Amino acid sequence: MSARDARFPVTDPVARFDTTAFDLDAYLGRIGHPRVEPSAETLRSLHAAHVRAIPFENVDVVLRRHRGLELTAIMDKLVRRNRGGYCYEHGLLFAAALEALGFTVRRSFARVRPDRASGSYTHMLMVVPVDGVEYLADVGFGAWVLHPTPLIDGAEVDQAGWRHRIRRENGQWLFEKRAADGWDTLHATLGLPARQVDYEVFHHYTSTHPRSPFTGQLVVMRLAEGVGRKFVGRRLVTEYVDGRLETTEITADRLADTLRALDVELTPAELSAVRSFYESTKDDQLEEL
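Read on for a plain summary of the structure. (Residues numbered from 1 in each chain as written. Predicted model: local features only at pLDDT ≥ 70, side-chain atom pairs only at ≥ 80, totals over all residues. Heavy atoms only, no water.)

**Details of the packing of helix α1 (residues 24-31) against helix α4 (residues 71-80)**
Contact geometry for α1 and α4: axes closest at 10 Å, N-to-C directions at 35°. In terms of crossing hand, the pair formed by α1 and α4 is left-handed. Along the contact surface, α1 presents A26, Y27 and R30, while α4 presents M75, L78 and V79. Broken down by class, the residue content of the contact of α1 with α4 amounts to five nonpolar, no polar and one charged. (Axes fitted to C-alpha atoms, helices over the stretch in contact; angles between N-to-C directions. Helix = DSSP H or I, 4+ residues; strand = E, 2+ residues; numbered from the N terminus. Left-handed = near helix turned anticlockwise from the far one by under 90°. Contact = heavy atoms within 4.5 Å. Nonpolar A, V, L, I, M, F, W, Y, C, P; charged D, E, K, R; others polar.)

This is how it looks when you write it as C-alpha cells:
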C-alpha cells in the first residue's frame, strides 16, 4: 500500500524551516561521513552514522537550561559542543542535513506508545522519498532505530539486530518492535506535514510539564550493533540482541563515569549541576518510558 493517503495532505505550503544556520561540513565532520548524492543507500548510511555519533539525552531539560529549537542553538549544541539532545533536536538537525545534500524531506510527528493512555503526539520523525520509495527516517528515537524504514505495509527492517516492522492500520503507520510475545508498538504516525510551531508546542510540553517523562529524570540512550543502552532515572539497562538484560543501579558517585561512557560530554559546571539534580530526585518522581 502506498504511503500516501488521499484523505491527508503530504505538503503544507505555509510550513517554513529556516536552515540558513546549518553548516554541512561541520555536521558531516561530527558524524564522520563524507558528502554523498541522494539515494536510498546513502540515506541509510547517513541515518546510521548520525545515530552512532550523537547521543539521545535530556540534560538541558532537567537542568531547565534548554535554549530551544532554533537551528543555531541545535548546531552549537549537537555539532560544535559534541552534545546530544532529544528527538526535536536530532530530527531538525538531520532534516537540514538531508536537504543540504539534495534530499526532499517532509517533517512529521508521531504518537509515542499509542497503546498507552499517556501516549501523546510529541515525537518528531520525517518522511524522505528517494529512489521511488518513501522512507520513515527517525534518528531521534533513542535506543531503538538505526536505519530508515520503507513505508511499505508489512516491511521489516533489522535495527541493530532487532526485528522491526511498519504496518498500515486505520490510516496510520504503526512502527513495531518484535518482542518475546509478539509485536510491541513503539509509535504511530499519519505522516502529516508539520510546521516549526508544532515542534515548539510539543517541545514546550515535553520540556516543562511535570508529567513529562523528560522533566523529572535523566534519560540517555545509545544504540550500537547488537546492544542498546538506556539510562533512565537511576538505572542503566543494557539489552543484548540475544535477550540478555543487565540492570545497574547508578549511584551519584558513578554518575560522571556513566555519562562519559554514554558519550555525553559535559563541562565541570554542567556535571556539577546534573549531580545536584540527581541527588535531589526522589524515586517516586521517576516515570516509565
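**Re the sheet that holds strand β12 (residues 235-240)**
Spatial ordering of the open sheet is given by β1-β10-β11-β12-β13, a layout of five strands whose pairing is antiparallel. Strands with a single pairing partner mark the edges of an open sheet, and in this sheet they are β1 (56-57) and β13 (245-249). Where β12 and β13 come together, five bridges link them in antiparallel fashion. Paired with E239 across the bridge in β13 is L245. (Pairing = 2+ DSSP bridges.)

**Examining the packing of aromatic side chains**
Per the stated rule, a full pass over the model turns up 11 aromatic pairs. On the basis of an interplanar angle of 50° and a centroid distance of 6.1 Å, the ring pair of F56 and F214 is categorised as tilted. With a gap of 158 residues between them, F56 in strand β1 and F214 in the loop between α6 (196-208) and β10 (219-224) connect regions that are remote in the sequence. The two residues F56 and F214 agree in class, both being buried. Cluster of aromatic residues (ring-pair linked, three or more members): F17, F56, Y86, Y88, F109, Y121, Y199, F202 and F214. It is R107 that lies over the ring of F17; its NZ or CZ is 4.2 Å from the centre. The ring of Y240 has R244 lying over it, and the distance from NZ or CZ to the ring centre is 4.1 Å. (Phe/Tyr/Trp six-rings, centres within 6.5 Å; stacked < 30°, edge-to-face > 60°. Buried < 20%, exposed > 50% of the residue type's maximum accessible area, 1.4 Å probe, protein only. Lys NZ or Arg CZ within 6 Å of the ring centre and 35° of its normal.)

**Brief notes about the pattern of salt bridges**
With the rule as written, the count across this model stands at 24 salt bridges. Here R80 and D23 are joined by a salt bridge, their closest N and O atoms 3.9 Å apart. Taken together, the positions of R80 in helix α4 and D23 in the segment before α1 put the pair 57 residues apart, joining distant regions of the chain. For R80, a relative accessible area of 48% translates into the label partly exposed. Overlapping salt bridges bring together E57, D60, R67, D76, K77, R81, R83, E89 and E270 as one network. (Salt bridge = Lys/Arg side-chain N within 4 Å of Asp/Glu carboxyl O.)

**Here's the deal with the nonpolar core**
Nonpolar side chains in soluble globular proteins tend to end up buried together. Counting residues in each nonpolar core, the largest one holds 66 residues, and the members touching the most others are F22, Y27, L46, L93, F94, L98 and M126. For this core, the element with the highest residue contribution is helix α5 (residues 87-100), accounting for nine residues. Of all hydrophobic cores here, the second largest spans 17 residues; its members include L236, I250, L255 and F277. (Core = buried A, V, L, I, M, F, W, Y, C linked by side-chain atoms within 4.5 Å.)

**Here's the deal with the sheet that holds strand β5 (residues 149-150)**
Taken together, the eight strands give an open sheet; going across it, the order is β5-β4-β3-β2-β9-β8-β7-β6, and neighbouring strands pair in antiparallel fashion. The sheet terminates laterally at β5 and β6 (156-159), the two strands that pair on one side only. Sheet topology places strand β2 (residues 106-112) next to strand β3 (residues 121-130); six bridges connect them, and they run antiparallel. Following the sheet pairing, R107 is matched in β3 by M126. Where α5 meets the sheet, its contacts fall on β2, β3 and β4 (133-137), and the angle it forms with β3 comes to roughly 15°.

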